[in-house]
Each structure stands twice: as C-alpha cells, then as structure tokens.
Amino acid sequence: MMECWSSSTSSNFHSYWNHLNFILFRPVLAILFVLSFITLWWFLAWKLVLVHVPLVQEIFGLRKKPLNLKPPSRRFSRYYNSISAHNSTSQ
C-alpha cells in the first residue's frame, strides 16, 4: 500500500512540475531571451552607430549646440539701441 501511494505522489509531482514548466518557466525564459537579445543589439548599435548621428546627439543631449550670438551691429539693433539711448537721455 505504501509503494502505491509513493508512486502516485511521485507521478503527481512530475505532472505538476511538467505543467508548471510548460505554463510558467518556458514563457518567462523565452521573454528574457528575446529581451536580452534586443538589449545586446541595441547596445551595439548605440555604441557603434547611433552615438555619431547628430540628430540622436541633439535628442539625448549628448552634444551641446553652440550658441551663436548675433553681432549687435545689425540694422534693427542699431535702431532699438538709438531709441533706448534717446529715452534714457530724455528721462
């Protein structure tokens, strides 16, 4: 009687383990494999190619755009400077 109970318990355990393996572990391992594969190739593409693309550099803030100040000797700036100078002398 004890052998029969032991073999049925062992059989139930293997059935449960196979079911758990099929339902839970295989999909999780498959998803982890795919995500690690995508991550690896994204890292390689980033290091080898994408870092050198100017648009990507601007989006991720890797390269600071130089701020080009316009010279104050333009026509409008001279006009507004003369108006502000005139206003400051009249006050």
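Asker: What should I look at first to understand the packing of aromatic side chains in this one?
Answerer: Two descriptors summarise a pair of aromatic rings, namely the distance from one centre to the other and the angle between the planes of the rings. Inspection of the entire model under this criterion finds four aromatic pairs. Seen in terms of ring centroids, F33 and F37 are 6.3 Å apart; in terms of plane orientation they differ by 25°. Their pairing is stacked. Placement of both F33 and F37 in helix α1 (residues 2–48) is noted, with a separation of four residues, approximately one turn of the helix. Taking the centre distance of 6.2 Å and the plane angle of 65° together, the rings of F37 and W41 count as edge-to-face. Taken together, the residues F37 and W41, both in helix α1 and four residues apart, mark about one turn of the helix. Note on W41: relative accessible area 48%, which makes it partly exposed. Following the ring pairs from residue to residue traces out a cluster consisting of F33, F37 and W41.

Asker: Quick question: what am I supposed to make of the side chain of Q57 here?
Answerer: Its location among the elements puts Q57 in helix α2 (residues 54–59). Within the structure, Q57 has its side chain in polar contact with the backbone oxygen of V51 (distance 2.6 Å). Not counting chain neighbours up to four residues away, the residues in contact with Q57 comprise V51, H52, L62 and R63.

About the cut-offs
Residues numbered from 1 in each chain as written. Predicted model: local features only at pLDDT ≥ 70, side-chain atom pairs only at ≥ 80, totals over all residues. Heavy atoms only, no water. Phe/Tyr/Trp six-rings, centres within 6.5 Å; stacked < 30°, edge-to-face > 60°. Helix = DSSP H or I, 4+ residues; strand = E, 2+ residues; numbered from the N terminus. Buried < 20%, exposed > 50% of the residue type's maximum accessible area, 1.4 Å probe, protein only. Polar contact = N/O pair within 3.5 Å; in protein donor to acceptor, adjacent residues only side chain to side chain. Contact = heavy atoms within 4.5 Å.

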